[in-house]
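# Per-entry structural report
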Amino acid sequence: MNMALCSSTASELTCHYVVGLRGKNGTLDVCRPFVRVGDCYSKKVHVQVTSQLMRGHLEGSFMGKKRLEESSRKLEFVRTLLIDNYDSYTYNIYQELSTINGLPPVVVRNDEWTWRDICQYMYEENAFDNIVISPGPGSPACPADIGICLQLLLECWDVPILGVCLGHQALGYVHGAEIVHAPEPVHGRLSEIEHNGCKLFHDIPSGQNSGFKVVRYHSLVIDSDSLPKELIPIAWTTSDDNLSYFENLKFGVIPDACGSQTREKILADGISAQLKNGRYLPSIHSNGRQNKKVIMGIMHSTRPHYGVQFHPESIATCHGSKIFRNFRDITEDYWLRWRSSYIMERNAHYTACMQVPLSSQLLREIPRNGQSGNHSDELYKQAPRHGEVAFGAEESSFGMFNMVNFQHPSSGIKFLKLKWRKFDRLASQVGGPKNVFCELFGDNKAENTFWLDSSSIEKGRARFSFMGGKGGSLWKQVTFRLSDPSDMDLKRGGHLSTEDARGSTKNSFLEEGFFDFLNKELVSFRYDENDYKGLPFDFHGGYIGYIGYNLKVECGVSFNRHKSRTPDACFFFADNLVVIDHYLDDVYILSLYEESTAMTPWLDDTEEKLINLKTSSIRNFEQTSQAAKLSLCKTAFVSDRSREHYIRDVKNCLNYIKDGESYELCLTTQLRKTIREIDSLGLYLHLREKNPAPYAAWLNFSKEDLCICCSSPERFLRLDKNGILEAKPIKGTIARGSSQDEDEKLKLQLQYSEKDQAENLMIVDLLRNDLGRVCEPGSVHVPRLMDVESYATVHTMVSTIRGKKLSNVSPVDCVRAAFPGGSMTGAPKLRSMELLDSIESCSRGIYSGSIGFFSYNRTFDLNIVIRTVIIHEGEASIGAGGAIVALSNPEDEYEEMILKTHAPAKAVMEFD
């Protein structure tokens, strides 16, 4: 049964000359089953796009021109307009095309340019050779989901276009095909593909056991019975069984990124291509029964338009790069055969701007579509230069990397100097990192102290710990709270409170938000690299603290539905710190000061304390805090969501996934417990002992009555001194076994879990996208995919993604491009966060955000805040959740969520 995705509200797209459109009187019915969170689509919307809208323009500029005779000269560059449908995989396509085309594409959101803009750059300026339409959430039947893409596919009949996933469905839909629910949602899983050998699949094998397996992220498909004669199916699935990534490897299939295949033509066995009503309908016969296959690719019979339902840009798709190379070849052949001499004679200035690396501004300022009322973004000002990056609406929200400020800070420049000392093999002699912290910073309830604690260093997971407290003249605490969502006069920004080393407090309002403030602060520092020459770590002083989940509104999300109880960001500026090298057992002490001021005696004082620790007996810190422990309440943690409510929320997520609104949703909740007076540092020491982790942390912001006890195993993002970005997302968790044999079986169960592999693969592709926005083309890679790491209480599935940062991008911009971590949101990220805000009952606060440092020398390292106890104003809270995918079982998801709370909750309950 065909299930058209329709509702009572419909928009109409008038297309008088297109054959095969659904609806009456030549109209295309555009239907929408879901009202996007935060948008204003509850009213009936009518969008009329007529084929005559720019018909005369097209005829005057192109159609009536003399055709160019065939030429043997290939294009030096291929210039792609990449339409982003608010997806989280678009910049994987961007990275592929940047290397294949020899020039980065220009990326614009689907509601960013008007039709007039498109015509200006496609036909007046001849700025682009082809168009790629990205994947995205939702359906092509919804104007909010597809934007300008339908009109592009109708009107730009003389331009090569490739649609991926949602773009593929749009190609079918605009010509009259129905978009229906797939037989089952398929996300992060692989399928074997057969194709008809057309140009898009040139030199790619076909059929079962051929090695052509692709990654799919979709819940909707083109209904083959509704396919008009103008559209020809060119690819389809060859089996009913989808494979996980490791099942794929069993057959010796290696993803495309691992090498190209030798050219050969493979014809599928057992598949008959039957011509019916002017179109091909692939089918397979089994026991006399004919089973229809799912269409995975289409092409237009007369236009250079192609679509693929799968994701060629995925890390696990085989021959994905070859598909994009073939589309480049199609583009070159098309223009060499058909483009008129009038079109080939480029405007000299414009050609120089588009094709010469490091040229001046490429595109003039382009006005946005004034009808896009739910995206308050800056104007799209520049297309990417060679080696730079293009931005659409979301990226413009953080100011094109604030390049002016990044390169030329206007005021407040600080010239910093660093002094440091090293003590060889001292750490174990003074009792290890715990004793060092307690002796140096543990007095007075460890107020205003920090400790980035690599308490789990096995297998090279971490090496250094950083600790400190209120220090010298540069020390300060900055506390940021976003504007109240209910205050309609304040659309963005928030309130910043700054306390300096003398105890003086200054309050201000940041119109551009916290990330902009932090970026300007880091840009203002001047320093001599020789000061830290010889130090084996990247943090030499600077900002250390946390970024709360609600700062997603500074990274593209339109608004927060829930207000955080805790500050949205809180940082110390650490000018004095102690560093412990866990590998070599060395201890370092560092002091940072302004060049114009005298050094404090902190280095001398700290060295003396360390020497005294070495020669004196080491006191037992736990005994000194025993009295405080006894005052903890004995009541248990209570979840914000009951078991039944959480399971119901999981089912809601599954419905959104079924309707194509998301591929994966990371649903969370909070567990809370009222407490009285508690020794927070003692609790953290107990937690780190019971559940050591490589990205653990202690933060005490005493003025905010806020302590953070974190035992996170997950790195969000790191930027090292060589400009290498690294993310290590975790997706997939299972409990440890009670015996060695059981433990090994559980580890293998996780390794080969199809659901967990699908979760991990989707987030790996998402992080590749996020890094792809700020990294050099071709540099993003995945050195480790789906490794299983073991911790005290759980096994986890971890992947590693790396890339080389673009030189004109600031550290803060790298964080904004990827925050919040994709493992805590799902994909596509923006739509998923909107949906999660509508489902979850409260703000996540610090949970799901990041803890770490931003060094004055423009490096940073941030974790994902999970496995964490937040102690704030008489309450202890623990956040937990899990990724919901099409394969999820609601009851199992609840049990996994509870599992993730065991270590921190048990530590609190045992601490008396």
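Reference entry: report on the structure contained in this document. For every chain, the first residue of the written sequence is number 1, and numbering continues from 1 along that sequence. Under the rules for a predicted model, residues below a pLDDT of 70 receive no local features and side-chain atom pairs below 80 are neither given nor counted, while totals for whole chains, interfaces and linings still include all residues. With hydrogens and water set aside, each side-chain value is computed from the structure's full complement of heavy atoms.

## Digging into the packing of aromatic side chains
The rule is short: rings of Phe, Tyr and Trp, with Trp giving its six-membered ring, pair when the centres are within 6.5 Å, and they are stacked under 30 degrees, edge-to-face over 60, tilted in between. All chains considered together, the criterion is met by 37 aromatic pairs. Here Phe466 and Phe539 contribute two aromatic rings whose centre-to-centre distance is 5.4 Å and whose plane-to-plane angle is 80 degrees, an arrangement assigned as edge-to-face. Here Phe466 is found in strand β17 (residues 464-468), whereas its partner Phe539 is found in the loop between β21 (525-526) and β22 (542-547), with 73 residues between them in sequence. Like Phe466, the residue Phe539 is buried in the burial classification. Geometrically, the ring pair formed by Tyr546 and Phe701 is edge-to-face, given 6.0 Å between the ring centres and 70 degrees between the ring planes. Linking Tyr546 in strand β22 with Phe701 in strand β28 (residues 695-701), this pair joins segments that are 155 residues apart in sequence. Secondary structure elements follow DSSP: runs of H or I no shorter than four residues count as helices, runs of E no shorter than two count as strands, and numbering proceeds from the N terminus. With a 1.4 Å probe rolled over the protein chains alone, any residue whose accessible area is under 20% of its type maximum counts as buried; one over 50% counts as exposed, and the rest are partly exposed.

## Brief notes about the packing of helix α19 (residues 680-690) against helix α24 (residues 890-910)
Only C-alpha atoms enter the line fits that serve as axes; for helices the fit covers just the stretch in contact. Angles between N-to-C directions range over 0 to 180 degrees. In contact at an axis separation of 9 Å, α19 and α24 are set at 130 degrees when each is read in the N-to-C sense. Overall, the two elements α19 and α24 adopt an arrangement that is oblique. Read as a crossing pair, α19 and α24 show a hand that is right-handed. Of α24, the residues touching α19 (which contributes Leu683, His686, Leu687 and Lys690) are Ala903, Pro904, Ala907, Val908 and Glu910. Residue polarity is assigned by list, with Asp, Glu, Lys and Arg as charged and Ala, Val, Leu, Ile, Met, Phe, Trp, Tyr, Cys and Pro as nonpolar; anything else, Gly included, falls into the polar class. Of the residues in the contact of α19 with α24, the class split is 6 nonpolar, 1 polar and 2 charged. An angle below 35 degrees is treated as roughly parallel, one above 145 as roughly antiparallel, one from 65 to 115 as roughly perpendicular, and anything else as oblique. For any helix crossing, the convention is left-handed if the near helix is rotated counterclockwise from the far helix by under a right angle, and right-handed if that rotation is clockwise. The contact rule is simple, with two residues in contact once any of their heavy atoms fall within 4.5 Å.

## Looking at the pattern of salt bridges
When a carboxyl oxygen of Asp or Glu is within 4 Å of a side-chain nitrogen of Lys or Arg, the pair counts as a salt bridge. Here the structure, examined in full by the defined rule, presents 43 salt bridges. Residue Arg481 is joined to Glu704 by a salt bridge in which the shortest nitrogen-to-oxygen separation is 2.9 Å. Within this pair, whereas Arg481 is found in strand β18 (residues 476-482), its partner Glu704 is found in the loop between β28 and β29 (706-712), the two being separated by 223 residues in sequence. Here the salt bridges share partners, and the residues they tie into one network are Arg565, Asp640, Arg672 and Glu875.

## Some points on the sheet that holds strand β3 (residues 80-84)
Strand order in the open sheet formed by 9 strands is β4-β3-β5-β6-β14-β13-β9-β7-β8, and the pairing between neighbours is mixed. Among the strands making up the open sheet, the edge pair consists of β4 (106-109) and β8 (213-222). Between one strand axis and the next, the sheet turns through 25 degrees on average, direction left out of account. Note: two strands are recorded as paired if DSSP finds a minimum of 2 bridges between them. With 3 bridges connecting them, strand β7 (residues 179-195) and strand β9 (residues 231-237) associate as antiparallel partners. Note that in β9 the partner of Ile193 across the bridge is Thr237. Packing against the sheet, helix α8 (residues 320-338) makes contact with β5 (130-133), β6 (161-164) and β14 (305-308), and its axis sits at approximately 145 degrees to β5. Contacts from helix α21 (residues 754-772) reach β7 and β8 within the one sheet, and its direction differs from that of β7 by about 85 degrees.

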